[in-house]
Amino acid sequence: MLSRIPGSAGVVHPVTPWASPVLRTPCESVETFDAELARLVEDMFATMYAEDGVGLAANQIGVGLRVFVYDCPDDEDERHLGHVVNPVLVEADGVVVAGEEGCLSLPGLRAQTPRHDRAVVRGQDLTGAPIEIEGTGFFARCLQHEAAHLDGGVFLDGLGGWRRARALRAVRRADWYVPGAAGRHDA
């Protein structure tokens, strides 16, 4: 018997642009584990796949709840597929690697972003049962990226010096950039 593909019954939502307040505000914890939450996760998978992403946080579709989904390989090309409700990044360690990173909320923008090579996230599944996810390599990067979204961050926040200046110049040149829309986070 084949299992259902995540997102196959979901609705694709527009991806929230980086300057939107919901993307730049820490998300609220999920308290109700019901059909509405399951629908949100299904829609998030549908949106992530439609946008060719490897991860998506709920606030990236305008929902300020602590939920993210992922379908991401690690450096050994092992596929990691799932969701986390109320995730907390409890460990980020190992070698810090600057690797190319992008974001569906900052379309077309890429930068060499430093991230730890190992990450552990604890949270819950759709039923509220506790889960723990450990990732290395590219998957660790994904876990850290999505957890940061739920705290109101984007990968640009982790850049410094010339990398940050270069990325912010690219933001100002992007066709989706709106001057002043990001407030204190503006380029």
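It should be emphasised that the depicted structure is a prediction, and the values quoted were computed from it without experimental measurement.

Novice: Which parts of the structure should I look at to understand the nonpolar core?
Specialist: The nonpolar side chains of a soluble globular protein tend to be buried, and buried together. Among the nonpolar cores identified, the biggest contains 17 residues, and W18, L106, F155, L156 and V171 are the most heavily contacted of them. With 3 residues, the top contributor of residues to this core is helix α3 (residues 161-173). Dropping the residues within four chain positions of it, L156 is found in contact with W18, L106, L109, R164, A167, L168 and V171. Of all hydrophobic cores here, the second largest spans 14 residues; its members include A57, C72, V84 and A119.

Novice: I tried to follow the sheet that holds strand β4 (residues 110-124) on my own but got confused; where do I start?
Specialist: Across a sheet, paired strands are connected by hydrogen bonds in the backbone, their directions being either parallel or antiparallel. The sheet built from 5 strands is open, its strands ordered β1-β2-β3-β4-β5 with antiparallel pairing. Of all strands in the sheet, those bounded by a partner on one side alone are β1 (55-57) and β5 (130-136). On average, each strand axis in the sheet is inclined to that of its neighbour by 30°, with strand direction left out of account. The sheet contact formed by β1 and strand β2 (residues 67-73) spans 3 bridges and is antiparallel. Counted as the bridge partner of L56 is V69 from β2. Lying on the sheet, helix α1 (residues 35-50) is in contact with β1, β2 and β3 (79-102); it crosses β2 at an angle near 40°. On the sheet, helix α2 (residues 137-150) packs against β1, β2, β3, β4 and β5 and is oriented at approximately 80° with respect to β4.

Novice: How should the pairing of β4 be read in this particular structure?
Specialist: The side chains of a regular strand alternate, first on one face of the sheet and then on the other. Bridge count for β3 against β4 is 13 bridges, and the pairing is antiparallel. Among the inter-strand pairings, V88 is bridged to a residue of β4, identified as R122. In the sheet, β4 pairs with β5 via 7 bridges, with the strands oriented antiparallel. Across the sheet, residue G123 finds its bridge partner in β5, namely I131. Remark: 5 residues form the turn of the hairpin made by β4 and β5, two consecutive strands paired antiparallel; G128 in that turn has positive phi of roughly 95°.

Novice: Mind showing me how you'd approach α3 here?
Specialist: The periodicity of an α-helix, 3.6 residues per turn, causes residues three or four places apart in sequence to face the same way. An ideal rise of 1.5 Å per residue puts 18 Å on 13 residues; α3 measures up with 19 Å between its terminal C-alpha atoms. Among all positions in α3, only A167, L168 and V171 are buried. Seen from one end, α3 has its buried residues packed into an arc of 100°, which puts them on one side. Exposed and oriented more than 90 degrees from the buried face of α3 are W162, R166 and R173.

Definitions and limits used
Residues numbered from 1 in each chain as written. Predicted model: local features only at pLDDT ≥ 70, side-chain atom pairs only at ≥ 80, totals over all residues. Heavy atoms only, no water. Core = buried A, V, L, I, M, F, W, Y, C linked by side-chain atoms within 4.5 Å. Buried < 20%, exposed > 50% of the residue type's maximum accessible area, 1.4 Å probe, protein only. Helix = DSSP H or I, 4+ residues; strand = E, 2+ residues; numbered from the N terminus. Contact = heavy atoms within 4.5 Å. Pairing = 2+ DSSP bridges. Axes fitted to C-alpha atoms, helices over the stretch in contact; angles between N-to-C directions. Expected span 1.5 Å × (residues − 1). Arc of directions from axis to C-beta.

Purely geometric stuff here, so don't read any function into it on its own.
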